[in-house]
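# Summary of the model geometry
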Amino acid sequence: MGFFKDFLSKIIPIDSLRSSDVVILIIGPPGVGKTTFINMAAQRTLLDAQKSLSAGTRDISTVRCKDPVSKRSIVLVDTPAYPDEQMPTNEYKIKDWMKKKRKAKISGILYLHRITDNRVTTPPGETYKKFKGGLAGGVDTPVLLVTTMWDHWSRPNISAEQKEKALRVAELRLNQLTEDWKDNVGESVVERHDNTQSSALRILDQLLAAAK
Ligand SMILES: Nc1nc2c(ncn2[C@@H]2O[C@H](COP(=O)(O)OP(=O)(O)O)[C@@H](O)[C@H]2O)c(=O)[nH]1
Ligand SMILES: [Mg+2]
């Protein structure tokens, strides 16, 4: 971990993507923390995180980061919510973008999911399988399921006892998510993100190791 530490980042237009870019797509339902994940990794507010459910990311934003060690150019792609019952066309927006980006290859995908959700209406594994199946030509890209909001129970107004209980429930949920992911995607490792930069960079490192 940590080779990203001093990376420089900025928003770039789609037509400046190069075939040498390591492109990472961040996808998932509304409000799971896609935009926040990118800002956290970059340690700056490059993109507007969602203030309310109706004001989520509408378009695709692309952030380029320079890895100072390997000199690789990492491109993080923020996407509108998918799956999203309110915005069923988002799926096509993402797929359209994937076609338009031409030569640049998608090196990896992060599928974000909130660990705080009690009821999982759209199981990530099943959803990702569908998403992948609908891609023209299909993509055989490394993908990680990232559970977000693990820091949710670390707020000062939550007692140690409440926190312990909530974390026990969250662990059970994580087991179920891991099973679903394994059954549908074939991977048995599910990441935990606690909303810190080191956690975001560790997850990106993990994905990049699989993307080689
Ligand atoms: N506690 C906590 N809050 C988060 C986390 N990620 C995002 N949020 C908050 O959740 C809301 C939605 O985040 P956003 O990044 O806009 O989600 P997006 O719709 O997936 O892009 C915002 O208020 C964020 O501040 C996280 O890991 N932990
Ligand atoms: Mg967003």
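Residues numbered from 1 in each chain as written. Chains lettered and ligands numbered in written order. Predicted model: local features only at pLDDT ≥ 70, side-chain atom pairs only at ≥ 80, totals over all residues.

### Thoughts on the overall build of the protein
Within the protein, the regular secondary structure consists of five helices and seven strands. Along the protein, from the amino end to the carboxyl end, the secondary structure elements read β-β-α-β-β-α-β-α-β-α-β-α. Here the protein holds 212 residues, and the buried ones make up 35% of them. Partitioning the contacts of the protein with sequence separation of at least 6, the portion at a separation of at least 24 is 73%. (Helix = DSSP H or I, 4+ residues; strand = E, 2+ residues; numbered from the N terminus. Buried ≥ 20, exposed ≤ 12 C-beta atoms within 10 Å, placed from the backbone. Contact = placed C-beta atoms within 7 Å.)

### Some details on the pairing of strand E6 (residues 143-148)
Looking along a regular strand, one sees the side chains alternate between the two faces of the sheet. Most of E6 sits out of view: six of its six residues are buried. Taking every second residue as pointing to the same face, both faces of E6 are buried, with Val-143, Leu-145 and Thr-147 on one and Leu-144, Val-146 and Thr-148 on the other. Taken together, the six bridges between strand E5 (residues 106-114) and E6 define a ladder with parallel strand orientation. By the bridge assignment, Arg-114 is partnered in E6 with Thr-148. Note: E6 against strand E7 (residues 190-192), three bridges, orientation parallel. Considered in E7, the bridge of Val-146 is made with Glu-191. Regarding the hand of the β-α-β motif, the stretch spanning E6, helix H4 (residues 160-185) and E7 is right-handed. (Pairing = 2+ DSSP bridges. Right-handed = clockwise from strand over helix to strand, strands pointing away.)

### Describing the environment of Lys-130
Locating Lys-130 in the fold gives a position in helix H3 (residues 124-133). In this structure Lys-130 comes out as partly exposed when scored by C-beta crowding, with 13 C-beta atoms within 10 Å. Expressed as a C-alpha distance, the spacing of Lys-130 and Asn-184, which sit 54 residues apart in the sequence, is 9.5 Å.

### Considerations on the packing of H3 against H4
The interhelical angle for the contact between H3 and H4, taken along N-to-C directions, is 25°, at an axis separation of 7 Å. Taken together, the axes of H3 and H4 lie roughly parallel to each other. Pair H3 / H4 crosses with right-handed handedness. When H3 is examined against H4, the residues Pro-124, Gly-125, Glu-126, Tyr-128 and Lys-129 are found in contact with a partner set consisting of Leu-177, Asp-180, Trp-181, Asp-183, Asn-184 and Val-185. In the contact of H3 with H4, the residues fall into five nonpolar, two polar and four charged. (Axes fitted to C-alpha atoms, helices over the stretch in contact; angles between N-to-C directions. Parallel < 35°, antiparallel > 145°, perpendicular 65-115°, else oblique. Left-handed = near helix turned anticlockwise from the far one by under 90°. Nonpolar A, V, L, I, M, F, W, Y, C, P; charged D, E, K, R; others polar.)

### Examining the nonpolar core
Core analysis: the largest hydrophobic core is formed by 39 residues, its most contacted members being Ile-24, Ile-26, Val-75, Leu-76, Leu-110 and Tyr-111. For this core, the leading source of residues is strand E2 (residues 22-27), giving six residues. When sequence neighbours within four positions are dropped, the list of residues in contact with Val-75 reads Leu-17, Asp-21, Val-22, Val-23, Ile-24, Thr-62, Val-63 and Arg-64. (Core = buried A, V, L, I, M, F, W, Y, C linked by C-beta atoms within 7 Å.)

### Some remarks on the confidence of the model for the protein
Across the protein, pLDDT averages 86, with 89% of residues at or above 70. Counted against residues more than four places away or in other chains, residues 1-6, with its pLDDT under 50, gives 13 contacts. (pLDDT = per-residue confidence, 0-100.)

### Details of the pairing of strand E3 (residues 61-66)
Burial of E3 is extensive: five of the six residues sit out of reach of the surface. Alignment of E3 against strand E4 (residues 73-78), held across six bridges, turns out to be antiparallel. Paired with Val-63 across the two strands is Leu-76, which belongs to E4.

### Topic: H4
Counting along an α-helix, one turn takes 3.6 residues, and residues three or four places apart therefore face a common direction. The terminal C-alpha atoms of H4 lie 36 Å apart, and with 26 residues this matches the ideal 38 Å at 1.5 Å per residue to within 8%. Turning to H4, its buried residues number three or more, namely Leu-177, Asp-180 and Trp-181. Looking at the packing, one finds that the buried side of H4 touches E5, H3, E6 and E7. Backbone geometry just after H4 places Gly-186 at a positive phi near 90°. (Expected span 1.5 Å × (residues − 1).)

### A word on the environment of Ala-209
Note that Ala-209 resides in helix H5 (residues 197-211). C-alpha of Ala-209 to C-alpha of Gly-108: the two residues are 101 residues apart in sequence and 10.0 Å apart in space.

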